[in-house]
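# Coordinate analysis (summary)
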Amino acid sequence: MMMSGGGPTPLPVVAVRTPAGEERLMPPRLWFPAAAMAASLVLAATAGLTLGVIAALEAGVPRDQWSATVQAHGELQLWGWFAVFIVVLLFEFIVRLNGRPPVPLTSRVLVLSLLGGGAIASATGRFIDVAGQVMVVAGAASMVAGALLLVAIVLRIRPARPLRVDLHPLFFRTGAVWLVAAALAELVASRNLSSGATSFDESHLMAEFFLRGFVINVTIAVALRAFVGHLGLPPVPVERQRVLWGLVNVGLVVSAVGSTGFGLPGFPALAAAGDLLFAAGLFWATWALDIARAVRSWRRRPHRAQVLVPVAWFALVVYAVTLSVQAVLVLTGGVPVTLHETGATRHMLALGFVAPLLIAMSHVVLQRFLIGRVVGENWLTGAFVLLIIAWPFRVFPPLVDDSIGEVTRGLMGAAGILTAVALLVAAAVAALNAVAARRYVRSLRRLHGSAI
Ligand code: HEM
């Protein structure tokens, strides 16, 4: 019981069955998150980025397959890598932050297989003549099923504290709902393919639902609680959390309503106003979370995540500035923003911010949620550094070179190769940690002879 306003307030008590012995110290299949992280990184590094490099160089595929190549690349990166990796982390964080038992392994495997398997089926189908259309639709349907199952799981996890004092569960829920919206957009867009590709208006709207809706909401959900513990940042008052939720989600809805595709007429000024709201949400998040405090802590022997997370966050600020400038150009009737420019901005978010953040957070996840230390930690940090070197080469050349000349294409291709190396290194580290976790559990079993 807690005393507030003169009377006692009951605190929610979480009842969890705790097994005896060492079993209670670890979730079942301790190695599973690291193995799933490794698998998604390998898929991105090999298939997803090979297609990305081919698309960047505009070589290696017939001209009429360029759009299909780009969209297969986007799908493998978003659904095969980000969706799988982020949902793995979501399963780990959401139960710990709310004091609940682990999500059953079967449910986790099912969600991840539906999301990742859907991406592989859909991306492959784009290059197949006869059965291709069916595979793309089946792949998208599999993503819808995976996203719906995720929503059901997220909704079943009761928040430890009421939403009126802590909005982080709402960010998890909203993120999961945006994932369903992105999957539905993918499914509807796949209704009529032309040379393996759907309309770019529709595939881009899907990508924005995914990145701005799913990824950003889940990132904020984790940041609101985990940054306090792992980066030593102050808790964000609930009023500021509400403003953040409103700016990010209303901004995305407004910008989607102003877009073209899915029969929408397209109001560029409305879409730009939505982009400005969304960018304001990101500035607000940077201020409310007090990322600057993490930077100030660099003077006092910080641990690695305290350095890496703010470095990744820097790209989010660069992204918010670029998005705002492009929106103002549209609102003032300036130069229209081209496909390659919006693409570069989208990659600032995906490659500049999300990808390094995932590797930065892997330092925390592999250490805290597996065996208490990261095997090959320096290699993981090396992968992070490679990503930080790579992203400017992918995003700035197309912003300054309208004609997308040979040099620009070469720089983007080089960034793709560097990114692939980074992801393979991170995958190897994750796999090593999965093996170490398996060995650790086995040695405990041998020591105690209990069913762990
Ligand atoms: C250095 C690495 C990368 C290279 C060289 C690359 C290259 C490309 C190229 C050339 C395009 C088409 C033009 C454009 O939209 O700008 C593209 C589109 C796209 N990329 Fe990447 N990319 C990379 C990394 C990533 C990452 C990390 C993600 C997300 C996880 C991603 C997701 C997308 C998406 C969603 C699209 C739009 C697909 C569509 O139009 O339907 N890319 N990429």
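Residues numbered from 1 in each chain as written. Predicted model: local features only at pLDDT ≥ 70, side-chain atom pairs only at ≥ 80, totals over all residues. Heavy atoms only, no water.

Next up on the list: the overall build of the protein. Within the protein, the secondary structure is distributed over 13 helices and 4 strands. Whereas a compact globule of 452 residues would reach a radius of gyration of roughly 22 Å, the protein reaches 22 Å, a difference of no more than 12%. Overall, the protein is about 65 × 55 × 45 Å in size when its C-alpha atoms are taken along their principal axes. When the 452 residues of the protein are sorted by exposure, 53% land in the buried category. Considering only contacts in the protein between residues 6 or more positions apart, those separated by 24 or more positions represent 81%. Averaging the coordinates of the 34 positive side-chain charges in the protein and doing the same for the 20 negative ones gives two points 17 Å apart. (Helix = DSSP H or I, 4+ residues; strand = E, 2+ residues; numbered from the N terminus. Rg over C-alpha atoms; globule rule 2.2 N^0.38 Å. Buried < 20%, exposed > 50% of the residue type's maximum accessible area, 1.4 Å probe, protein only. Contact = heavy atoms within 4.5 Å. Lys, Arg positive; Asp, Glu negative; His and termini not counted. Charge placed at Lys NZ, Arg CZ, Asp CG, Glu CD.)

Let us now look at the site of the ligand. Around the ligand sit 25 residues in total, of which His73, Ser203, His204, His347 and Arg394 are the nearest. A distance of 2.8 Å separates an oxygen atom of the ligand from a polar side-chain atom of His204. The side chain of Arg394 places a nitrogen or oxygen atom 2.9 Å from an oxygen atom of the ligand. Those elements that place two or more of their residues in the shell around the ligand are helix H1 (32-57), helix H2 (66-97), helix H6 (200-231), helix H11 (339-371) and helix H13 (406-448). Considering each element in turn, the shell around the ligand owes the most residues, 9 residues, to H2. Across the shell around the ligand, the residue classes tally to 13 nonpolar, 11 polar and 1 charged. (Near = heavy atom within 4 Å. Polar contact = N/O pair within 3.5 Å; in protein donor to acceptor, adjacent residues only side chain to side chain. Nonpolar A, V, L, I, M, F, W, Y, C, P; charged D, E, K, R; others polar.)

A cluster of nonpolar side chains, contributed by Val385, Ile389, Phe393, Val407 and Leu411, occupies part of the molecular surface with about 420 Å² of accessible area. Take the nonpolar patch: its biggest share by element is 3 residues, from helix H12 (residues 377-400). Secondary-structure assignment places Phe393 in helix H12. (Patch = residues over 30% accessible without salt bridge, like charges linked within 9 Å, V, L, I, M, F, W, Y side chains within 5 Å. Areas by Shrake-Rupley, 256 points an atom, 1.4 Å probe, with all protein chains shown as cover. Salt bridge = Lys/Arg side-chain N within 4 Å of Asp/Glu carboxyl O.)

Another aspect to go through is the confidence of the model for the protein. Averaged over every residue, the pLDDT of the protein is 92; residues scoring 70 or more account for 93%. Mean pLDDT values for the elements of the protein range from 41 in strand E1 (residues 2-4) up to 98 in helix H7 (residues 238-257). Counted against residues more than four places away or in other chains, residues 12-16, with its pLDDT under 50, gives 6 contacts. (pLDDT = per-residue confidence, 0-100.)

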